Amino acid sequence: LLGDEQLGFYSTIYALSQALMVINSGIAVTMPNFVFSGFKKYINGDTRKKLIVLYTILSLFVYMILVLSINMFKDNIEVLSFFTFNSFQQLQLIFLGIFCLGLYYFYSVILIYLKKGRQVSIITMSASVLTITLSYILTTEYSLTGTSLATLLTNFIYLILIFVTANIHVNRIKKDAFLLI
């Protein structure tokens, strides 16, 4: 679908976007302990909202540093010399996809806490199939931009599915708690 040169460009853009995965990995590792120690506070209070706002601010900061670094060093580092307007569009699409993946962690941990791992697994497998399908279709039609768009669309749909599933269970919990009052 992509030639060697285009595949190399995509790999470089994707690798640069992985700067956000440092934060995502931290979230994935720390969230379970944080949520398990205060689940009711996490689902009822402003804690989750504040954490998501903090994550968004950190993500924007990482993105700004990434773009500034590329612009500063693209004349001195050969692997960055190919960056064009289209490359930055592809970077945005992939980075937004990875951002959606980070948001996913804030909701999947709810399902893990509620022992709904099977639902998380089914959604994850569905997202994997969607990734393969969209990557094939969009790469064939739109080349590198299509591959980047497939990353964003898949991770966005993945986030929405986890978000909706987690909120269904949280609303059930809130409804059950109301009945106990």
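This text gives an overview of the structure that appears in the document.

The next thing to look at is the side chain of Ser 17. Summarising the element assignment, Ser 17 is placed in helix H1 (residues 4-17). Sequence-distant contacts of Ser 17, that is, excluding residues within four places in its chain, are made with Leu 66, Leu 91, Ile 94, Phe 95 and Ile 98.

In an α-helix there are 3.6 residues to a turn, and that puts residues three or four apart on one side. With 29 residues, helix H5 (residues 85-113) ought to run about 42 Å at 1.5 Å a step, and its terminal C-alpha atoms sit 43 Å apart, in line with that. Its maximal kink placed at Phe 106, H5 deviates by approximately 30°. The buried fraction of H5 amounts to 22 of the 29 residues, a majority that puts the element mostly inside the structure.

Running from amino to carboxyl end, H1 crosses helix H2 (residues 19-37) at an angle of 45°, the nearest separation of the two axes being 4 Å. The angle between the axes of H1 and H2 places the two elements in the oblique class. Side by side, H1 and H2 meet where Ala 15, Leu 16 and Ser 17 of the first sit next to Ala 19, Leu 20 and Met 21 of the second. By residue class, the composition of the contact of H1 with H2 is 5 nonpolar, 1 polar and no charged.

A word on unusual backbone geometry. A positive phi angle, near 60°, is found at Lys 115, a position not held by glycine. Among the secondary structure elements, Lys 115 is positioned in the loop between H5 and helix H6 (117-180). Under the relative-accessibility criterion, Lys 115 is labelled exposed at 74%. Positive phi outside glycine occurs at Ser 143, with the angle close to 60°. Ser 143 gets classed as partly exposed once you look at its relative accessible area, which sits at 21%.

Here the focus is the packing of aromatic side chains. Tallied over the entire structure, the rule returns 13 aromatic pairs. Through pairs of rings, three or more aromatic residues link up here, namely Phe 9, Phe 82, Phe 83 and Phe 88. Positioned over the ring face of Tyr 42 is Arg 48, at 5.5 Å from the centre of the ring.

What counts, and where the lines are drawn
Residues numbered from 1 in each chain as written. Predicted model: local features only at pLDDT ≥ 70, side-chain atom pairs only at ≥ 80, totals over all residues. Heavy atoms only, no water. Helix = DSSP H or I, 4+ residues; strand = E, 2+ residues; numbered from the N terminus. Contact = heavy atoms within 4.5 Å. Expected span 1.5 Å × (residues − 1). Bend = angle between axes of the 7 residues up to and from the residue. Buried < 20%, exposed > 50% of the residue type's maximum accessible area, 1.4 Å probe, protein only. Axes fitted to C-alpha atoms, helices over the stretch in contact; angles between N-to-C directions. Parallel < 35°, antiparallel > 145°, perpendicular 65-115°, else oblique. Nonpolar A, V, L, I, M, F, W, Y, C, P; charged D, E, K, R; others polar. Phe/Tyr/Trp six-rings, centres within 6.5 Å; stacked < 30°, edge-to-face > 60°. Lys NZ or Arg CZ within 6 Å of the ring centre and 35° of its normal.

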